[in-house]
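A structural walkthrough
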Amino acid sequence: MIRLLFTIIAGVLLGGVVHLVSVLALPRIATQDAYSRLTPMTTENAVTALPLAEPNNAPMPFMDPAFAVAICRYDLTGGPLKLTVPVSQAYTSVSFYTRNEVAYYAINDRSAGRKVIELDLMTEEQHSELPEDEEITAADRLIIDSPTTTGLIVLKALAPEPGLMPQAQASLAASRCTLQTEPTPAKQPEPAPPPPPPAPRSRR
């Protein structure tokens, strides 16, 4: 009886371990993950609009038909990336994923607090090579570190009504995802003003 009980417990534990390993390894071994499916229909380091979601035909799973969606499939091998996304009237969000579909950052129009979401995406190594400048703060320049060299940026704009979908699509069409081949130089200090001319001597 005790041996049977231990066998059952061991089987349950082994099944749990196999299930956990399978779930964690699936994104890495899957041949038709999001990155692979989007590669033929997107351009590297550029914003590509996806077709609207339909019941029987959607580029990605779980797409909301009320959102216009665009993708930037990035590769930071050649340098950092500059992302600029105009904010739509209703709602705009930007999400970042690694090559293996692991989400590591997200921002929307409310948290950005601006009419344009603008940021720099780079690896930790590229970030460490930037020139130091005390005058550049997080509010002036938002820098996101990517855990991997390649990945996906998902841009979404909400259309509260079907008639507003073209407007949401237009805001994403104006987005830019551009590779920066040269590092951004540090801001140079302003030159000091020239010394004042000497005062004229008085005649006696």
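What counts as what
Residues numbered from 1 in each chain as written. Predicted model: local features only at pLDDT ≥ 70, side-chain atom pairs only at ≥ 80, totals over all residues. Heavy atoms only, no water. Disulfide = S-S within 2.5 Å. Helix = DSSP H or I, 4+ residues; strand = E, 2+ residues; numbered from the N terminus. Buried < 20%, exposed > 50% of the residue type's maximum accessible area, 1.4 Å probe, protein only. Core = buried A, V, L, I, M, F, W, Y, C linked by side-chain atoms within 4.5 Å. Contact = heavy atoms within 4.5 Å. Pairing = 2+ DSSP bridges. Axes fitted to C-alpha atoms, helices over the stretch in contact; angles between N-to-C directions. Salt bridge = Lys/Arg side-chain N within 4 Å of Asp/Glu carboxyl O. Phe/Tyr/Trp six-rings, centres within 6.5 Å; stacked < 30°, edge-to-face > 60°.

1. Some details on the state of the cysteines
Linking two cysteines covalently through their sulfur atoms gives a disulfide. For the coordinates displayed, the defined rule picks out one disulfide. Each sulfur in the disulfide pair Cys72 and Cys177 lies 2.0 Å from the other. For the disulfide bridge between Cys72 and Cys177, the dihedral angle about the S-S bond is near -55 degrees, and by the sign convention the bridge is left-handed. Here Cys72 is found in strand β2 (residues 67-75), whereas its partner Cys177 is found in strand β9 (residues 176-179), with 105 residues between them in sequence. Considered together, Cys72 and Cys177 belong to a single accessibility category, that of buried residues.

2. Some thoughts on the nonpolar core
Leu81, Leu83, Val94, Leu121 and Ile153 are the most contacted members of the largest nonpolar core, which totals 23 residues. Every element with two or more residues in this core is listed here: β2, β3 (81-86), β4 (92-98), β6 (116-123), β8 (150-158) and α5 (165-173). At four residues, β2 tops the list of elements feeding residues into this core. Residues contacting Leu81, with those up to four places away along its chain left out, are Asn45, Cys72, Tyr74, Leu76, Leu119, Asp120, Leu121, Ile153, Cys177, Thr178, Leu179 and Gln180.

3. Quick word on the sheet that holds β9
If you walk across this open sheet you meet the four strands as β7-β6-β3-β9, and the pairing is mixed. Both outer strands of the open sheet, β7 (143-146) and β9, are each paired with one neighbouring strand and no more. Across the sheet, the mean angle from the axis of one strand to that of its neighbour is 25 degrees, orientation sign disregarded. Two strands pair when backbone bridges link them, and β3 and β6 are joined in this way by six bridges, in the antiparallel orientation. Residue Val85 lies in a different strand from β6, and its bridge partner there is Ile117.

4. Here's the deal with the pattern of salt bridges
What the rule picks out here adds up to four salt bridges. Across the pair Glu118 and Lys82 runs a salt bridge whose closest N-O atoms are separated by 3.4 Å. Here the residue Glu118 occupies a position in strand β6, and Lys82 occupies one in strand β3, the gap between them amounting to 36 residues.

5. A word on the environment of Val85
By secondary structure assignment, the location of Val85 is in strand β3. With 87 residues separating them in the primary sequence, Val85 and Leu172 have C-alpha atoms 6.8 Å apart. Dropping the residues within four chain positions of it, Val85 is found in contact with Thr92, Val94, Lys115, Val116, Ile117, Leu155 and Ser175.

6. Side note on the pairing of β3
Alternating positions in β3 separate cleanly, Leu81, Leu83 and Val85 being buried on one face and Lys82, Thr84 and Pro86 remaining unburied on the opposite face. In the sheet, β3 pairs with β9 via four bridges, with the strands oriented antiparallel. Bridge pairing in β9 places Lys82 opposite Thr178.

7. Here's the deal with the side chain of Gln180
Residue placement: Gln180 occurs in the segment after β9. A relative accessible area of 17% means that Gln180 is categorised as buried. The contacts of Gln180, once residues within four sequence positions are left out, are Gly78, Gly79, Pro80, Leu81, Lys82 and Asp120.

8. Description of the packing of aromatic side chains
Considering all chains together, one arrives at three aromatic pairs under this definition. Aromatic side chains Phe96 and Tyr104 sit 6.0 Å apart centroid to centroid with 50 degrees between the ring planes, which places their arrangement in the tilted category.

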